[in-house]
Amino acid sequence: MKTMIISVIAAVGLLMTGVSIAADMPEVAKKNNCTACHAIDKKTVGPGWQDVANKYKGDAGAAEKLSNVIVKGGRGVWGPMPMPATSKISDEEVKELVAFVLGLAK
């Protein structure tokens, strides 16, 4: 019984951590289904946004590069899985998403 209670507490803790990470996602990411392939802090189908931010930290052209990949799609930078184009996203939403991702740089 004691083991079961500890397991339940651990599971709830993990779920709460996942909820807080999802809550930190900007609405534009949720609206455009970016969260189906990306997480903030870990690789899923695509790279974690923290890794993207760290890779492009200090790169003056990073915002333009990431904006192009979001709109047009891309492949080869993070492995063999291509990123599909997100053609229905507005310019303002792209700017918001890129600013969020690049703002994660450590």
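Here is what the cut-offs are and how they apply
- Residues numbered from 1 in each chain as written.
- Predicted model: local features only at pLDDT ≥ 70, side-chain atom pairs only at ≥ 80, totals over all residues.
- Heavy atoms only, no water.
- Phe/Tyr/Trp six-rings, centres within 6.5 Å; stacked < 30°, edge-to-face > 60°.
- Lys NZ or Arg CZ within 6 Å of the ring centre and 35° of its normal.
- Axes fitted to C-alpha atoms, helices over the stretch in contact; angles between N-to-C directions.
- Helix = DSSP H or I, 4+ residues; strand = E, 2+ residues; numbered from the N terminus.
- Parallel < 35°, antiparallel > 145°, perpendicular 65-115°, else oblique.
- Left-handed = near helix turned anticlockwise from the far one by under 90°.
- Contact = heavy atoms within 4.5 Å.
- Nonpolar A, V, L, I, M, F, W, Y, C, P; charged D, E, K, R; others polar.
- Salt bridge = Lys/Arg side-chain N within 4 Å of Asp/Glu carboxyl O.
- Buried < 20%, exposed > 50% of the residue type's maximum accessible area, 1.4 Å probe, protein only.
- Arc of directions from axis to C-beta.
- Disulfide = S-S within 2.5 Å.

Considering the packing of aromatic side chains
Taken as a whole and judged by the stated rule, the model has one aromatic pair. The ring of Trp78 has Lys55 lying over it, and the distance from NZ or CZ to the ring centre is 5.0 Å.

Here we look at the packing of helix H4 (residues 62–72) against helix H5 (residues 91–102)
The contact between H4 and H5 brings their axes to 10 Å, and the two run at 125°. In terms of their interaxial angle, H4 and H5 are classed as oblique. Two packed elements cross with a definite hand, and for H4 against H5 that hand is right-handed. Note on element contacts: H5 touches H4 through Val94, Leu97, Val98, Val101 and Leu102, opposite Ala62, Ala63, Leu66, Ser67, Ile70 and Val71. Of the residues belonging to the contact of H4 with H5, the class tally is 10 nonpolar, one polar and no charged.

Overview of the pattern of salt bridges
Summed over all chains, the structure comprises four salt bridges. The partner of Glu27 in a salt bridge is Lys30, and the shortest N-O contact between them spans 3.5 Å. Remark: Lys30 and Glu27 occur in helix H2 (residues 27–31); sequence separation between them is three residues, near one turn of the helix. Ionic pairing is found between Lys95 and Glu92, a salt bridge with its closest N-O pair at 3.9 Å. In this pair, Lys95 and Glu92 are both assigned in helix H5, three residues apart and thus about one turn of the helix distant. The exposure class of Glu92 is exposed, given its relative accessible area of 56%.

Notes on H4
Taken residue by residue, H4 has Ala62, Leu66, Ser67 and Ile70 as its buried positions. For H4, the arc enclosing every buried residue in end-on projection is 125°, short of the 170-degree limit, so these residues lie on one face. Away from the buried face of H4 by more than 90 degrees, exposed residues Glu64 and Lys72 are located. Packing partners of the buried residues in H4 comprise helix H3 (49–56) and H5. Among the residues trailing H4, Gly73 stands out with phi positive, at a value near 90°.

A few points about the state of the cysteines
Following the criterion strictly, the structure yields zero disulfides and no others. With no disulfide partner, Cys34 has as its closest neighbouring cysteine sulfur the one in Cys37, 8.8 Å distant.

By themselves, these figures tell us nothing about what the structure is for.
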